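Summary of the model geometry
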Amino acid sequence: MVVGVHDPSLYQYGFMIGAIANIIGLVSYLVVKDRYLYSQDGNPLGVIPISKVIKREHGNDMNKKLSKIEIDRIKASIIVLVVVIILCSAIEQINTSMLILEMNYVDNTIPFINYTLSPQMYISINPLFVVLLSPIFIKIFSILGNRDKEPSSIGKISIGLFGIVLSYIILLIPAYFSTGKINMLWIVVFNFTLVIAELFISPIALSLISKLAPVKHASLMIGTFYAATAVSAMLAGIFASAFPEKPGVVNYLFNFIPIPDLASFTWIFIIISGVIFIFWILFSNRIKKLMHGVE
């Protein structure tokens, strides 16, 4: 028997796992902090507040008005944040509408062994891909960097944008051509492609924001990035509310756009991500000018 994803009896186990993970994290921190959390000069990290370190290193620059270059870089940061808000809402569907899809549209039985996966188990696929793929991409970027061929941040985000479009096109294929329930392999490939896109967007965008931020507003800009991800989660929920829970059910996006089936829902993210991808390509040179040499 497969327990539904909305079964409240599962919540207590989720909180319990979260509590255990936090305890493990705290113990790990206490064990290794005196061994690893030191700067290159041998001083322990975090003893002196970062604000005092920045003030000491930059002195009177902290009291100066923002220069034109800094203002331009803030404009570039705002563009990046808008892109993050919209695109992360597509990525966040993994934790919202895709759960309903996996519960009602997907054949979750593994062939040969006749074991039925619960929809919740698909969520673990993405962290697994992140752990497996991150070292590979770090190594690839390191090799390309040594050869002066590593893509710029703008180029990496372009690849990520294309990856989101491609992942939803992959999902569109079974939405149109599957006569019964969707084979679970389509969901695995969709998740795999979406994780690759996420690795080219989320960490790159965060790094770019930190490099573009004026020194005295660095913390504020990083906080703004995480605020943008919160807004994207809210937007993801709005999109997910339009997902047709079962075949034959018609829901409405923004209360007036009918979403009668999986294919229609998938087209939302293909169109939105595709438009942003085209915009990003067309205006990439202007964005680079606003960045004033930041890569």
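In this report, the structure presented in the accompanying data block is examined. (Residues numbered from 1 in each chain as written. Predicted model: local features only at pLDDT ≥ 70, side-chain atom pairs only at ≥ 80, totals over all residues. Heavy atoms only, no water.)

The next point concerns the packing of aromatic side chains. Enumeration according to the criterion identifies 14 aromatic pairs in this entry. Considering the side-chain rings of Phe-225 and Tyr-226, the 5.5 Å spacing of their centres and the 85° angle between planes classify their relative orientation as edge-to-face. Residue class for Tyr-226 comes out partly exposed when judged on its relative accessible area of 48%. Their ring planes at 70° and their centres at 5.3 Å tell us that Phe-265 and Phe-269 sit as a pair that is edge-to-face. Note that Phe-265 and Phe-269 are positioned in helix 9 (residues 262-282) at a spacing of four residues, about one turn of the helix. (Phe/Tyr/Trp six-rings, centres within 6.5 Å; stacked < 30°, edge-to-face > 60°. Buried < 20%, exposed > 50% of the residue type's maximum accessible area, 1.4 Å probe, protein only. Helix = DSSP H or I, 4+ residues; strand = E, 2+ residues; numbered from the N terminus.)

Looking now at the layout of surface pockets. Within this model, the second largest pocket holds a volume of roughly 240 Å³. In this structure, the second largest pocket is lined by Cys-88, Ile-91, Glu-92, Ile-94, Asn-95, Ile-123, Asn-126, Pro-127, Glu-198, Ser-202, Thr-229 and Ser-232. Where the lining of the second largest pocket is concerned, the elements lending two or more residues are helix 3 (68-91), helix 5 (125-146), helix 7 (184-212) and helix 8 (218-240). Considering only residue class, the lining of the second largest pocket consists of five nonpolar, five polar and two charged. (1 Å grid on protein atoms, 1.4 Å probe; cavity = no way out; pocket = protein on both sides within 12 Å on 5 of 7 lines; lining within 4 Å. Points joined across faces, edges and corners; volume = space filled by probe spheres on them. Nonpolar A, V, L, I, M, F, W, Y, C, P; charged D, E, K, R; others polar.)

Take the packing of helix 3 against helix 9 next. At a minimum axis separation of 10 Å, helix 3 and helix 9 run at an interaxial angle of 155°. Put simply, helix 3 runs roughly antiparallel to helix 9. Crossing angle aside, the handedness with which helix 3 passes helix 9 is left-handed. Taken together, the residues of helix 9 that come into contact with helix 3 (itself represented by Ile-79, Val-80, Val-83, Ile-86, Leu-87, Ser-89 and Ala-90) are Phe-269, Ile-272, Ser-273, Ile-276, Phe-279 and Trp-280. Split by residue class, the contact of helix 3 with helix 9 holds eleven nonpolar, two polar and no charged. (Axes fitted to C-alpha atoms, helices over the stretch in contact; angles between N-to-C directions. Parallel < 35°, antiparallel > 145°, perpendicular 65-115°, else oblique. Left-handed = near helix turned anticlockwise from the far one by under 90°. Contact = heavy atoms within 4.5 Å.)

The subject of this paragraph is the side chain of Asn-104. Mapped onto the fold, Asn-104 is located in helix 4 (residues 97-104). A distance of 2.7 Å separates a polar side-chain atom of Asn-104 from the backbone oxygen of Glu-245. (Polar contact = N/O pair within 3.5 Å; in protein donor to acceptor, adjacent residues only side chain to side chain.)

Our focus in this paragraph is the nonpolar core. Leu-101, Ile-164, Tyr-168, Trp-280 and Met-291 are the most contacted members of the largest nonpolar core, which has 65 residues in total. Those elements that provide at least two residues to this core are helix 3, helix 4, helix 5, helix 6 (153-177), helix 7, helix 8, helix 9 and helix 10 (284-291). With 14 residues, the top contributor of residues to this core is helix 7. If near-sequence neighbours (up to four positions away) are discounted, Leu-101 is found in contact with Val-106, Leu-171, Ile-187, Phe-243 and Leu-262. (Core = buried A, V, L, I, M, F, W, Y, C linked by side-chain atoms within 4.5 Å.)

One non-glycine residue, Asp-148, lies in the positive phi region at around 60°. As for its position among the elements, Asp-148 is in the loop between helix 5 and helix 6. Here Asp-148 falls in the exposed class, since its relative accessible area comes to 73%. Residues other than glycine seldom take positive phi values, yet His-292 does so here, at roughly 50°. Structurally, the position occupied by His-292 is in the segment after helix 10. A relative accessible area of 32% means that His-292 is categorised as partly exposed.

Our focus in this paragraph is the pattern of salt bridges. The full count for this structure, using the stated rule, is two salt bridges. Measuring nitrogen to oxygen at the nearest pair gives 2.9 Å for the salt bridge that ties Asp-72 to Lys-68. Of the two residues, Asp-72 and Lys-68 both sit in helix 3, four residues apart, roughly one turn of that helix. Note on Asp-72: relative accessible area 6%, which makes it buried. Between Glu-150 and Lys-156 there is a salt bridge, with the nearest N and O atoms lying 2.6 Å from each other. (Salt bridge = Lys/Arg side-chain N within 4 Å of Asp/Glu carboxyl O.)

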